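Next come the chains, spelled out residue by residue.
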Amino acid sequence: MNILVTGSSGWLGQTLVPRLRRDGHKVVGLDPEQGATTDVVGSVVDRALVRSTIRSQFIDAIIHAAARHKPHIETHDNSEFVAVNVQGTLNLLEEAIEAGVDRFIFTSTTSLMISQKIRDGRTGGATEATWIDETLAPLVPRNIYGVTKQAAEELCRLFHQLHGLPIVILRTSRFFPEEDDMAHAIVQSGENTKANEFLFRRLTVEDAAEAHVVALAKAPALGFDTFIISSMTPFRKADCRELLADAPAVVARDFPDYRAKYERRGWTMFASIDRVYDASKAQRVLGFTCRTGFREVLDAL
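Below is a summary of the structure that appears in this document.

**With respect to the packing of aromatic side chains**
Under the definition given, this model contains five aromatic pairs. Between the aromatic rings of Y262 and F294, the centroid separation amounts to 6.3 Å while the plane-to-plane angle is 65 degrees, which identifies the pairing as edge-to-face. Taken as a pair, Y262 in helix α9 (residues 258-265) and F294 in helix α11 (residues 294-300) lie far apart in primary sequence, 32 residues in all. Like Y262, the residue F294 is buried in the burial classification. Taking the ring centre of F176 as reference, the NZ or CZ of R202 above it sits at 5.2 Å. When the ring centre of F227 is taken as origin, the NZ or CZ atom of K281, which lies over that ring, is 5.1 Å away.

If you want it as structure tokens, here you go:
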């Protein structure tokens, strides 16, 4: 296929573009930043550029990974989020329909599922961790990033409904390499924090890329669907109350060796876990499971 990947110079794009090319696809990378995986330097906000790229490159499929992300909240105003995340998505969808593109993968985020109430957790009065799957409703995003990504998802749903364009939405959990934006309030180091998160809200960038490859192949058969993409959690819904009160005890039951391995590094587990992403629908319907989870992280230590 001839595939347009937006956000091709980003963390995901740098892994996804070569992965698609290894499968023999012609991949055209579009990004405002120059990079080894970017062929067209420009923004999805530029409708004329989007149109000319799709048509001149005879694009069959689009993977839309470009976005203004949560860290940009500190450096960009709200209108920039609307322009890139909403108008940019609309530009791609409309030009895809006009050009006869036959599938569209949208990189969304689990962040849009986190309301302020969920974010507050125990300090907000919660008595158990929130179990999060695709049925969670209503969605009440807590910042402009989540609001605009939700709006973009709604555009995807509408265009499938109106035009029949096969669209798969992937709500990816954390795979960024940077420190958590709340690192100043977290006892654990960045490496320790990321390891802990594989229990409930993280995946590797390689797994994120692979999920897009699978979604690309399955999109025509699926028609339209939304999936949480995250490492499979070892937890169960029945664990949610104890996870909020004493997360290390729950982890120790599933991974008796974790404490010794952590102690050797001077690492600790989060005292409390306030949410759990359930990626079982992706496993069941999309046929995708992350290769790296907490067990693999422990073994790598």
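**Focus: the layout of surface pockets**
For the second largest pocket, the calculated volume is near 240 Å³. Lining of the second largest pocket is provided by 15 residues; of these, S115, K117, I118, T130 and L136 occupy positions nearest its centre. The class makeup of the residues in the lining of the second largest pocket is seven nonpolar, five polar and three charged.

**Remarks on the packing of helix α3 (residues 78-99) against helix α5 (residues 144-163)**
For the pair α3 and α5, interaxial distance at closest approach is 9 Å and the crossing angle is 15 degrees. By the angle class used here, α3 and α5 are roughly parallel. The element α3 and its partner α5 pack so that their crossing is right-handed. Contact residues: α3 offers N78, F81, V82, N85, V86, T89, L90, L93, E94 and I97, while α5 offers I144, Y145, T148, K149, A151, A152, L155, C156, F159 and H163. Tallied by class, the residues present in the contact of α3 with α5 amount to 13 nonpolar, five polar and two charged.

**As for helix α2 (residues 47-56)**
Among the residues of α2, those classed as buried are L49, V50, T53 and I54. Around the axis of α2, the buried residues are gathered within 125 degrees of arc, so they sit on the same side. Turning to α2, the residues buried within the fold contact β1 (2-6), β2 (26-31), β3 (40-41), β4 (61-64) and α3. Taking the backbone nitrogen of A48 as reference, a side-chain oxygen 3.3 Å away marks D46 as the first, capping residue of α2. Of the residues one or two after α2, F58 is the one with positive phi, at around 50 degrees.

**Description of empty space enclosed by the protein**
A complete count under the given rule lists one cavity of 30 Å³ or more for this structure. Taken as a whole, the largest cavity encloses approximately 30 Å³ of empty space. R174, F176, E178, E179, D180, G190, T193, K194, E197 and R202 are the residues that line the largest cavity. Partitioned by chemical class, the residues of the lining of the largest cavity number one nonpolar, two polar and seven charged.

**A short note on the nonpolar core**
The biggest cluster of nonpolar side chains holds 30 residues, and the ones touching the most others in it are L20, L170 and I229. Of all the elements in the fold, those that place two or more residues in this core are β1, α1 (11-22), β4, β7 (167-172), α7 (205-222), β8 (224-229) and α10 (280-286). Of all the elements, α7 adds the most residues to this core, at nine residues. With sequence-adjacent residues up to four places away left out, L20 is seen in contact with I3, V5, H25, V27, I63, V213 and L216. Within the second largest apolar cluster, 26 residues are counted, among which are L4, L30, V101 and F159.

**With respect to the pairing of β7**
Counted residue by residue, β7 has six buried out of six residues, so it is predominantly covered. The side-chain alternation of β7 yields two buried faces, one formed by I167, I169 and R171 and the other by V168, L170 and T172.

About the criteria used
- Residues numbered from 1 in each chain as written.
- Predicted model: local features only at pLDDT ≥ 70, side-chain atom pairs only at ≥ 80, totals over all residues.
- Heavy atoms only, no water.
- Phe/Tyr/Trp six-rings, centres within 6.5 Å; stacked < 30°, edge-to-face > 60°.
- Helix = DSSP H or I, 4+ residues; strand = E, 2+ residues; numbered from the N terminus.
- Buried < 20%, exposed > 50% of the residue type's maximum accessible area, 1.4 Å probe, protein only.
- Lys NZ or Arg CZ within 6 Å of the ring centre and 35° of its normal.
- 1 Å grid on protein atoms, 1.4 Å probe; cavity = no way out; pocket = protein on both sides within 12 Å on 5 of 7 lines; lining within 4 Å.
- Points joined across faces, edges and corners; volume = space filled by probe spheres on them.
- Nonpolar A, V, L, I, M, F, W, Y, C, P; charged D, E, K, R; others polar.
- Axes fitted to C-alpha atoms, helices over the stretch in contact; angles between N-to-C directions.
- Parallel < 35°, antiparallel > 145°, perpendicular 65-115°, else oblique.
- Left-handed = near helix turned anticlockwise from the far one by under 90°.
- Contact = heavy atoms within 4.5 Å.
- Arc of directions from axis to C-beta.
- Polar contact = N/O pair within 3.5 Å; in protein donor to acceptor, adjacent residues only side chain to side chain.
- Core = buried A, V, L, I, M, F, W, Y, C linked by side-chain atoms within 4.5 Å.

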